[in-house]
Every structure is written in structure tokens, then in C-alpha cells.
Amino acid sequence: MIISEFLAVTVIGISHILLYFQLIGYQRLPYKLIISLGMVFTILLIVVVSASGYPEFNIVMLLLFLLSLGLLKKELAFTKSLYFALFSMVVITLARMVLIELFFFLHMLSPFNLYIWTTSAIHLAVSVLILLAVAAGKNVVRKIVRTIMDNRPLYIFSYVLLIAGLFIGFILTSPASGLLSAYYLRYGEASLVAAYILFFVLLIIMLISFHLTKERMQEEQQERLDREMLDYVRKLERMHEDLAAFRHDYINILLALDEGIRTKNLSQIEKIYYDVVAPTASLMNHHELDIMKLSRIAVPEIKSVLSVKLMTAMQQQVKVTVDIPKKIEKAAMPVLPFIRIISILLDNAVEEAARSKEKLLQLAFFEMEDCQYFIVRNSCADKTIDLRKIYEKNVSRKKGNRGYGLFSLKRLLEKMNHVTLETSFVAPFFTQKMVMKKR
Amino acid sequence: MSIFIFEDDVIQAQQMKRLVEEICEKHQIEFDFIEVTAKRERLIEKISQTAYIPIYFLDIEIKNEEYKGFEVAQEIRKYDTNGIIVFVTTHAEFAPISYQYMVSALTFIDKGLPFEERYRMFEKSLLHYQARNRTNRPDDDFVVNTQHASLRVPFHSIEYIETDGPHRLALVTEDRVIYFYGTLKEVQMLDGRLFRCHQSYLVNKEKISFYDAKNKTLILKNGASVPVSRRQASKVRQILRGEPS
């Protein structure tokens, strides 16, 4: 029984640590380390609490422990670290309380007898349940945190709630120190009720922010698509204007030729041919028409993104070649992340190619055996490139705050197990090769 | 050893042949024949007569010919998976990248290059061909082929492999980084020359220059540094002393 209780407390300790790490965005810790941290912490706690006889140390210690773990991540501000520590503590403590109550209540309804070990069993079950929930809700937690951080009023409001939760937690630990125990005697009942209310308020906040995140992401998505569509239309319009201008010139040329032929003036015809007609041959450069190969891609979103990016490159006098030998029915990953990834790759490539001397950009998209390849190659002005460094946050040769490109590209790829990204630089060419295994 | 030149322009074909002969003489590269042709059937027929690994110089743009360089390359690959394929073209910078991957071609050579540079490109290809035939074994490639990732790099180019997020690895070579799905444990098993010097690092033993005991890092031949965990420090010394580990 003691062992089971100890296990329950350890599991809770581990959940705290795990949730906290998830909150501060520290994911690279091996599970062994988290488990041993949880054990050490629990033993420490038991020793301190039983030696001092003050149960309220429980909370203080937990808070301090989590805060000190927060030091692992240097860029974390103290207020945020405190917020996350409080969040982890309050949410888990409250969830545990509520769940235990719920389990007891369910137990009352069930036909089972109440044994001495039932309490420990319930404690253990609840702890394990919480740990599993924390482990499973990894992505959700991250999203919720992002929304709360971006939403100032929500952040402050939840901060206040969490601090209130801290006090309630203090009162409910049946404290032994003078003032707190007095409060416990006086407000014990009330704070229990308050704890329940708090739990549900927090739950609602979480739900709201989860909903907000979803909505915001959809909005962003829609906005981007709209913008790209508009861009596409604008480019088409310009092409159309060019064509109209060409037609206009063409008619004039014909008229001039007509005149020359009618008067059998060969030298005039020659002159017109060499001055006016021959130069149009370069306009018909077949590489300009390479972009037509995009029609081999059956996914309209991908096609439009690619054509916009490539036309942007052409406008900056970059020579573009497109290599799509066969029809492509679909991308070997969901369309939205694929578009984000190729946008990042191409934006970088276009910008870099435009700065370089050679001004070359090659795009290849093809399938081979069980893989799909997306390759972008561009000429570079730089003589050397630190291939690891360009993926770090805020590292960019671009001006303004667009430094997230390759960093977010890597973040996107972290979720795609079947994708391999190969970045290489053999002067003057920088190549990004993305290989997607087809499933 | 056999050399094929697939080119429809007679003058260019002869130029190329002379160039190849000259380089072969300079480096004493042996060959039993040089086949110059613009006919696909002839080239394919001759493959069966080759000894060891042949090298093919294929022009991509062949006029008035149903089969162009790329199609011929694909056909060659049906009979010969090891042969070295080099594409020769007027605009190497516009050559489709997909060709290179689809028939695992060695490189593209631009006909428009100045003579010295073109000479160097041919020389490089032929030396590669010589090296391949001399050792007479397939390239020493490091191959990862799992459910999620497949990649191939020459083993000697690997510097180290590092964990990069949960279940993500970064393989670092002199001029490229490859991010893929996997664990160090599973990669380590693939080749005994990789040494686990740290919880999240595998280093290519052949690339180690020396051990910086003060900073607990391995300095590689190209100057890169890789951390060493305390537990592995003695093993590192062992390896550097050349003792079997």
C-alpha cells in the first residue's frame, strides 16, 4: 500500500515535470531523465515534508523545483517560467482532486466493497491517468499555450486565476503553519468549492483557447491562399498585357512587310526582318515556356504557388528551368504543409538566385520508385555557407523579420517522418532536395 | 574497360574521342575499345562485350533520332547497373536534374565550356572510372533504407551524425546536411566505422583528427568539433591509439 502511494506520488511528480517541459517547449529530454527526476523529487519531498511536518512545503517545493528546471532554457523569462510552473501545478493538482472525487463517487455507485487499499488504488489509477493524458496531449498543450501567450487579456486573466489556484492549493494541503492552518479551519470547505469552480473555469479557458487556435490557423490559411490567388491573377494579367502589346506590334510589322512586298523592296523587307522580327526569337526562348510544364501537376494549389514563385523569379531576370518529366497526381504529403514547405524553399531560392551572378534557378519535381523528389537548386552569391546555421532561429540574410523561413521549415518536417531533407552547397550552387517516401 | 561515346555530330564525336584518348594516355588509363556511335542499337549490342565497368558519355540532344541521350541511359541501366553515365550537353545548367537521379548519372559536362575546363571535367570522370575499375568493387556507400527514409552517401564523406529533435537525425558531410527520420541506435548498427562518442552523436572514426581533452571534444580533419561524453573519453583515446575497440 505504501508502495502504491509512493508510486502514485512519483507518477504525479513525473506528470508535473513532463507537462512543465511541454509548456516551456523543451522536448529533447529522454524519458529516463524525466522519470529519474520525478523519483528524486518525490523522495526529496517526502523527506522534507515528513521531517519538517509542514505539508505546505509540498507546493512550495514543487514550484521551486519546476522553476529551477526552467533555468535549463535560457531564453525563458521569469514571469513566463512562473506562469508555466503555476499552470502545471494548478492544473494537475486540481485535475487530480476532481478525478479522485469522481472516482470515489463512481465507486459509491458501484457494487464493490470499500477496502483499505481502494483509496491507494484510486490514487494510483488517477495518477497514471493524468500522466497518460499529459503524454498524449503534447501537441494540444503546445497549441493552447501559443494562443494564451498571444492573447494578452487571456494571459493576464489566467495568470490571476492560477495565483488564486495557488492559494487555494495552499489552504487545501491541510497546512500546519499558524496563519495558513487558521485559514484552513475557517475556509477549508469554501476553498474546496472554489477549487472545483476554478478547475472548471480553467477547463473552459483551455477549451476556448483551443478553439481560438484552430480558428486562427484556418484564417491564416485562408488569407494566404487568397493572397496567392490574387498574386496569380495579377501575373496572368500582366502576361496578357504583354501578349496584347506583342499583338499590336505584330500587326504593325505585318503592315510594314506588306508594304515592302507590294513594292518588291527587298532591302526594306530585310531591314524589317533583322531589326524587328529576328529579335522576337529570343522572346520565344523555350525556357520561358518551361513554366508550362507545371501543368503536369494535377494539384491546382501547388501549381498556382509554383507558378507565382517562378514568375517572380523571372521578373527578377533569373533564368528558370522546370523539370517535371511526368504527371504528378498528388504530393506525397498533405497539401497544406507541402505548400508551406515549397514556398519557403522557393522564396529562399529566388531571393538568393536574384542576388547571385549566374542568376539560375532549377526546379525538379518527379517520382522514382517509391519516392517523390522535390528539388530546388539556385546559384548563390556567397562563397561559403554554414549549412547548419541557416536552420537556426533568427538566422537569415534577409532583412526584416522573415528569419523564420528555414527554422520553421525544419519544425514542419519534424512532424513528417517519411520526409528526408538534404541541403548541399557546392559553389556556386545551393541545393535543397526533399525526398518523400510514398505510402 | 570500355568507353562509349554517344553523339550524332561527327566532328564533335571525333573531338571527344581524341580528348578521351589523350587523357587516357596521360594517366595510363587502359581500355579495350572506344565505341563512337549515334545509333542506340549499336551501343546496346556492345554492352555485352564490355569487360569490367564501362563509362558512357551521352549527348542529351540527339537530332533526328528517336532515342535521345536520356532514353538511351535508361535503356543502358536495364543491362548495366554499375556503368558510369556522364551526360554531355550544350547547356549543362539547363539540364534536367531528374535525369541525374533517375539513371544515377555521375555528372553533366557542358560542351560550351572553355577547353581547359572541359578537359578537367572529362579527366575527373575518367579518373573516377579508373578508380572504380581498379578496386573493382561497388562504391563504398553508406545506405539508409528504412520504412521512412532512404538515402545514400559515400561513406568517406560522412563526418558525423547528430540527433536533431525527437526521432530526427542530421547527417553532416563536408558539403551537405541530410535531415531524416531515425535513431542513432539503428544507424550505428549499419557500419562499424561509426563511433558513438556522445549520447547524441555518432562520429566517423576515419575523420577524427585529434581529441581535445580540455573541452572534451573531438576535432575532425576539416576542423569541425564533436562533443565527447565523459564515459566515452577513454574509448576515444583507445581508438586514437589505433587499438581495436
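Residues numbered from 1 in each chain as written. Chains lettered and ligands numbered in written order. Predicted model: local features only at pLDDT ≥ 70, side-chain atom pairs only at ≥ 80, totals over all residues. Heavy atoms only, no water.

(A) Summary view of the overall build of chain B. Scanning chain B from terminus to terminus reveals seven helices and 15 strands. If one aligns the C-alpha atoms of chain B with their principal axes, the spans along those axes are about 65 × 40 × 35 Å. Buried positions account for 51% of the 245 residues belonging to chain B. Counting contacts in chain B only where the partners sit at least 6 residues apart, residues at least 24 apart contribute 51% of the total. Total accessible area on chain B stands at roughly 12,500 Å², and carbon and sulfur atoms take up 47% of it. For chain B, the distance from the average site of its 34 positive side-chain charges to the average site of its 36 negative ones is 10 Å. (Helix = DSSP H or I, 4+ residues; strand = E, 2+ residues; numbered from the N terminus. Buried < 20%, exposed > 50% of the residue type's maximum accessible area, 1.4 Å probe, protein only. Contact = heavy atoms within 4.5 Å. Areas by Shrake-Rupley, 256 points an atom, 1.4 Å probe, with all protein chains shown as cover. Lys, Arg positive; Asp, Glu negative; His and termini not counted. Charge placed at Lys NZ, Arg CZ, Asp CG, Glu CD.)

(B) Representation of the domain arrangement of chain A. The domain boundaries assigned to chain A delineate domain 1 (2-222) and domain 2 (286-437). Inter-centroid distance (C-alpha atoms) of domain 1 of chain A to domain 2 of chain A is 44 Å. (Domains from an automatic or database assignment.)

(C) Quick look at the domain arrangement of chain B. When the domains of chain B are assigned, the result is domain 1 (2-135) and domain 2 (142-240). Put simply, the middle of domain 1 of chain B and the middle of domain 2 of chain B, counted by C-alpha atoms, are 36 Å apart.

(D) Representation of the pairing of strand β12 (residues 201-204) of chain B. Residue and element names in this part refer to chain B. Neither face of β12 is exposed, since Tyr201 and Val203 on one face and Leu202 and Asn204 on the opposite face are all buried. As paired elements, strand β8 (residues 158-163) and β12 share three bridges and run antiparallel to each other. Residue Ile161 lies in a different strand from β12, and its bridge partner there is Leu202. Sheet topology note: the strand β11 (residues 194-198)/β12 ladder contains four bridges and is antiparallel. Looking across to β12, one finds that Arg196 is bridged to Leu202. Between the antiparallel neighbours β11 and β12 lie two residues. (Pairing = 2+ DSSP bridges.)

(E) Main features of a nonpolar patch on the surface. Taken together, Met1, Tyr115, Ile116 and Trp117 of chain A make up a surface patch of nonpolar side chains, about 520 Å² in accessible area. As for its placement among the helices and strands, Tyr115 of chain A is situated in the loop between α4 (78-109) and α5 (116-136). (Patch = residues over 30% accessible without salt bridge, like charges linked within 9 Å, V, L, I, M, F, W, Y side chains within 5 Å. Salt bridge = Lys/Arg side-chain N within 4 Å of Asp/Glu carboxyl O.)

(F) Local environment of the nonpolar core. Residues and elements named next belong to chain A. In this structure, Phe338, Phe374 and Met434 are the most contacted members of the largest nonpolar core, which totals 69 residues. By residue number, the principal contributor to this core is helix α12 (residues 335-355), which donates eleven residues. Setting aside anything within four residues of it in sequence, one finds Met434 in contact with Met333, Phe338, Ile341, Gln372, Tyr373, Phe374, Leu413, Val419, Thr420 and Leu421. (Core = buried A, V, L, I, M, F, W, Y, C linked by side-chain atoms within 4.5 Å.)

(G) Broad picture of the interface of chain B and chain A. Of the residues lining the interface, 34 residues belong to chain B; the matching set on chain A comes to 37 residues. In total, chain B and chain A occlude about 3,100 Å² of area from one another, counting both sides; carbon and sulfur atoms represent 55% of this. Taken together, chain B and chain A are joined by four salt bridges. The closest approach of N and O atoms between Arg388 of chain A and Glu162 of chain B, which form a salt bridge, is 2.8 Å. For the pair chain B and chain A, the interface holds 14 residue pairs in polar contact (both at pLDDT 80 or more). If you list the elements that add at least two residues to the side of chain B that touches chain A, you get α4 (97-102), β7 (150-154), β8, β9 (168-173) and β10 (176-181) of chain B. (Buried area = accessible area lost by both parts, 1.4 Å probe. Polar contact = N/O pair within 3.5 Å; in protein donor to acceptor, adjacent residues only side chain to side chain.)

(H) Looking closely at the packing of helix α1 (residues 2-24) of chain A against helix α2 (residues 31-52) of chain A. All names here are of chain A. Two elements in contact, α1 and α2, have axes whose closest approach is 8 Å; the angle formed by their N-to-C orientations is 125°. The angle between the axes of α1 and α2 places the two elements in the oblique class. The handedness of the crossing between α1 and α2 comes out as right-handed. In this structure, α1 uses Phe6, Val9, Thr10, Ile14, Ile17, Leu18 and Phe21 to contact α2, whose residues at the interface are Ile34, Ile35, Leu37, Gly38, Met39, Thr42, Ile43 and Ile46. Residues belonging to the contact of α1 with α2 are distributed by class as follows: twelve nonpolar, three polar and no charged. (Axes fitted to C-alpha atoms, helices over the stretch in contact; angles between N-to-C directions. Parallel < 35°, antiparallel > 145°, perpendicular 65-115°, else oblique. Left-handed = near helix turned anticlockwise from the far one by under 90°. Nonpolar A, V, L, I, M, F, W, Y, C, P; charged D, E, K, R; others polar.)

(I) Fine view of a positive patch on the surface. Residues and elements named next belong to chain A. Taken together, the side chains of Lys143, Arg146, Lys214, Arg340, Lys393, Arg411 and Lys415 define a basic patch exposed on the protein surface. Considering the arrangement of structural elements, one finds Lys393 in the loop between β3 (371-379) and α13 (405-414). For Lys393, a relative accessible area of 46% puts it in the partly exposed group.

(J) Broad picture of the environment of Arg439 of chain A. Residues and elements named next belong to chain A. Mapping Arg439 onto the fold places it in the segment after β5 (429-437). By relative accessible area, which is 81% here, Arg439 ends up exposed. The sequence separation of Arg439 and Ala332 amounts to 107 residues, and the corresponding C-alpha distance is 7.9 Å. Dropping the residues within four chain positions of it, Arg439 is found in contact with Ala332 and His418.

(K) Summary view of the sheet that holds strand β13 (residues 208-212) of chain B. Residues and elements named next belong to chain B. Across the sheet, three strands lie side by side as β13-β14-β15; this open sheet has antiparallel pairing. Here the strands that pair on one side only, and so sit at the sheet edges, are β13 and β15 (225-227). For this sheet, the mean angle separating the axes of adjacent strands, direction not counted, is 25°. Bridge analysis of β13 against strand β14 (residues 217-220) gives four bridges, and the strand direction is antiparallel. Within the sheet, the bridge partner assigned to Tyr211 lies in β14 and is Leu218. Sheet strands touched by helix α7 (residues 233-240): β13 and β14. Its angle to β13, the strand with the most contacts, is close to 140°.

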